[in-house]
Amino acid sequence: MDRAYVVTVNTAGDEYATGHVVIDGNRITQVAPGAAPTELTDTAATYVDGRGCLLTPGLVNTHHHLYQWVTRGMAVDETLFGWLTTLYPVWARLDEDAAATAAGAALAHLARTGCTMTTDHHYVFPKDGGDLLGAEIHAAGQVGLRFHPCRGSMDLGQSRGGLPPDHIVEEIDAVLEASHSAIDRWHDTSPDAMTRIALAPCSPFTVTGELMRLSAELARSADVLLHTHLAETADEAEFSASRFGCTPLEYVEQLGWAGPDVWYAHGIHLSHDEIARIGRSGTGIAHCPTSNGRLGAGIAPTTDLMKAGARVGLGVDGAASNESCDLWEEMHHAVLLARAVGGPTAMAVRDALRLATMGGADVLGRAADTGSIEPCKLADLALWRMDTLAHAGIADPVAALVLGGRPPLETLIVNGRVVVTHDVVITVEEHSLARDVERVHRALTS
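Keep in mind it's a predicted model, so treat the numbers as computed, not measured.

## Some words on the overall build of the protein
The helix and strand tally for the protein stands at 15 helices and 17 strands. Relative to a compact globule of 446 residues, whose C-alpha radius of gyration would be 22 Å, the protein shows 21 Å and is just as compact. Expressed as a percentage of its 446 residues, the buried residues of the protein come to 59%. In the protein, 74% of the contacts between residues at least 6 apart in sequence involve partners at least 24 apart. Accessible surface for the protein amounts to roughly 16,400 Å². Of this, 52% is attributable to carbon and sulfur atoms.

Spelled out as structure tokens, the structure:
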């Protein structure tokens, strides 16, 4: 391919076999077929030669646990509950240094996989750990990704029938105070915001109903989003049935956890009626196919959720349950798993790309700002090299991206700023981060 192929992922599905995009500051000002006008290329403006490349919107990650980057490769053959009980004591030793190191490395790696915007679900706050949320927000600023961290929480310890040890759960008042403080300190409501906050009690088996309800009230009074794990495993369904006498979805719906300001991570074990209810309410789903497979949790009914009207994006989940944390890989696995259970027409390659871009932007409440390549939208773009041995000659560049191996990332632009060039993150030093990860991992597990 000797041209710059542009796939906009706009509502009309516009694609240009040869196209160009003009950026002014942090905004896209022009998207059109053909080469860039000479009056632009002859000026002092920066020119990126996209010949041999495919330009897409930056990928959007709707579920992660950044702190887990320093605890990868543990309990690798366990179920979710066994995996959690093994790792909770390790995570109880987290501090600001560990959180900053994990976040910096995980975010830099995400950038190399085409990600321009990500959330994070951080719910472990040891009493003497320091400002863990602030540490990861600072790390995101250094790497340069658009960041939507969730102030998570757990208040249901083992002594009260929950899964986590008592010494890493918080009191409700402390959670609400910290949540309010996080919103006041970090939440940016501007259209080009680089940081926004959501509230995210961890799950029905780690959080009391009272905390779920009060967190929803606080989030809605502050106009921020809500996030939690839901319907991930059969164990969770059994826990909910025995403890609450209903399914996980029925339980959270009773607490006000449904609607366009809510998104669930996973959403695997859902009935047909529950899928329809999620669609009617406009609730979002973070589909995490790689982690679901790694933990043996199952395959989410993604196609059915999309048909029902649910907002669906992709998530890598935590690095301790998905050691690769490659957002391109989630797009690749999403289409393969959908077809494995639903047949060859269950998901088109362009549907998979939409899940990874506009779908994720919609789940995180940023569809008006990013997720597609259109004038006035933010300049969050991924330029993929398609003329190497792995992809040269594939008839359809979008199929080459989604179904082939992950191509080299020629350039990643976030908010108009270059973060990756020639498959290398240029905002931070990768080798230094790797050394820090090794140091922190040894400290936590020794």
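## Considering empty space enclosed by the protein
The full count for this structure, using the stated rule, is 1 cavity of 30 Å³ or more. L80, W83, L84, H229 and E232 are, among the 17 residues lining the largest cavity, the residues nearest its centre. With 4 residues, the single largest contributor to the lining of the largest cavity is helix α2 (residues 80-91).

## Overview of the nonpolar core
L84, W91, L107, Y123, L145, M331 and L412 are the most contacted members of the largest nonpolar core, which has 120 residues in total. If you tally residues by element for this core, the top one is helix α3 (residues 96-112), at 10 residues.

## Here we look at the sheet that holds strand β1 (residues 4-7)
Reading across the sheet, the 7 strands line up as β2-β1-β5-β14-β15-β16-β17 and stay open at both edges, with mixed pairing between neighbours. Whereas interior strands pair on both sides, the edge strands pair on one side only; in this sheet they are β2 (15-16) and β17 (424-425). With 2 bridges joining them, strand β16 (residues 417-421) and β17 adopt antiparallel strand pairing. Within the sheet, the bridge partner assigned to V420 lies in β17 and is V425.

## With respect to helix α12 (residues 327-342)
Its 16 residues place the ends of α12 22 Å apart at the C-alpha level, agreeing with the 22 Å of an ideal helix rising 1.5 Å per residue. L327, W328, E329, E330, M331, H332, A334, V335 and A338 are the residues of α12 that are buried. Where α12 begins, one side-chain oxygen reaches toward the backbone nitrogen of W328, 3.0 Å away; that side chain belongs to D326. Backbone geometry just after α12 places G343 at a positive phi near 95°.

## A closer look at unusual backbone geometry
Non-glycine residue V9 carries a positive phi angle of around 60°. For V9, the position within the fold is in the loop between β1 and β2. Residue class for V9 comes out buried when judged on its relative accessible area of 7%. Positive phi, close to 70°, is recorded for D423, a residue that is not glycine. Checked against the element boundaries, D423 lands in the loop between β16 and β17.

## Re the packing of helix α5 (residues 172-186) against helix α6 (residues 209-222)
Helices that pack against each other are described as a pair by the angle of their axes relative to one another and the distance between those axes. α6 packs onto α5 with a crossing angle of 20° between their chain directions and a minimal axis gap of 11 Å. Overall, the two elements α5 and α6 adopt an arrangement that is roughly parallel. Seen along the crossing, α5 lies across α6 with a hand that is right-handed. Residues I172, V175, L176, S179, H180 and I183 of α5 touch α6, and the partners they reach there are E210, L211, L214, S215, L218 and A222. In the contact of α5 with α6, the residues fall into 8 nonpolar, 3 polar and 1 charged.

## Concerning the pattern of salt bridges
Under the criterion given, the structure shown has 20 salt bridges. Across the salt bridge formed by D273 and R277, the nearest N and O atoms sit 2.5 Å from each other. Taken as a pair, D273 and R277 lie in helix α9 (residues 272-281) at a separation of 4 residues, close to a single helical turn. In this structure D273 comes out as partly exposed when scored by relative accessible area, which is 45%. Between E323 and R294 there is a salt bridge, with the nearest N and O atoms lying 2.5 Å from each other. Of the two residues, E323 is situated in the loop between β13 (311-314) and α12 and R294 in helix α10 (residues 289-294); the sequence distance between them amounts to 29 residues. Of the residues examined, E323 reaches a relative accessible area of 28% and is grouped as partly exposed. Linked through salt bridges whose partners overlap, the residues forming this network are E15, R350 and D396.

## Description of the confidence of the model for the protein
Looking at the protein as a whole, its pLDDT mean stands at 95, while 99% of the residues score no less than 70. Strand β6 (residues 59-61) holds the highest mean pLDDT among the elements of the protein, 99, whereas helix α1 (residues 38-41) holds the lowest, 70.

## Describing the side chain of T8
Among the structural elements, T8 can be located in the loop between β1 and β2. In terms of polar contacts, T8 uses its side chain to reach the side chain of N10, at 3.1 Å. Looking at T8, its side chain comes within polar contact range of the main-chain oxygen of D14, at 2.7 Å. In contact with T8, not counting residues within four places along its chain, are G13, D14, Y16, V31, P57, S372 and I373.

## What to know about the layout of surface pockets
The space that makes up the largest pocket amounts to roughly 840 Å³. Taken together, 33 residues line the largest pocket, and the ones lying closest to its centre are V21, V22, T46, Y47 and V48. Listing elements by their share of the lining of the largest pocket, those giving two or more residues are β1, β3 (19-24), α1, β14 (381-385) and β15 (409-414). Considering every element that reaches the lining of the largest pocket, the biggest residue donor is β3, with 6 residues. Split by residue class, the lining of the largest pocket holds 18 nonpolar, 11 polar and 4 charged.

Each value, and the rule that gives it
Residues numbered from 1 in each chain as written. Predicted model: local features only at pLDDT ≥ 70, side-chain atom pairs only at ≥ 80, totals over all residues. Heavy atoms only, no water. Helix = DSSP H or I, 4+ residues; strand = E, 2+ residues; numbered from the N terminus. Rg over C-alpha atoms; globule rule 2.2 N^0.38 Å. Buried < 20%, exposed > 50% of the residue type's maximum accessible area, 1.4 Å probe, protein only. Contact = heavy atoms within 4.5 Å. Areas by Shrake-Rupley, 256 points an atom, 1.4 Å probe, with all protein chains shown as cover. 1 Å grid on protein atoms, 1.4 Å probe; cavity = no way out; pocket = protein on both sides within 12 Å on 5 of 7 lines; lining within 4 Å. Points joined across faces, edges and corners; volume = space filled by probe spheres on them. Core = buried A, V, L, I, M, F, W, Y, C linked by side-chain atoms within 4.5 Å. Pairing = 2+ DSSP bridges. Expected span 1.5 Å × (residues − 1). Polar contact = N/O pair within 3.5 Å; in protein donor to acceptor, adjacent residues only side chain to side chain. Axes fitted to C-alpha atoms, helices over the stretch in contact; angles between N-to-C directions. Parallel < 35°, antiparallel > 145°, perpendicular 65-115°, else oblique. Left-handed = near helix turned anticlockwise from the far one by under 90°. Nonpolar A, V, L, I, M, F, W, Y, C, P; charged D, E, K, R; others polar. Salt bridge = Lys/Arg side-chain N within 4 Å of Asp/Glu carboxyl O. pLDDT = per-residue confidence, 0-100.

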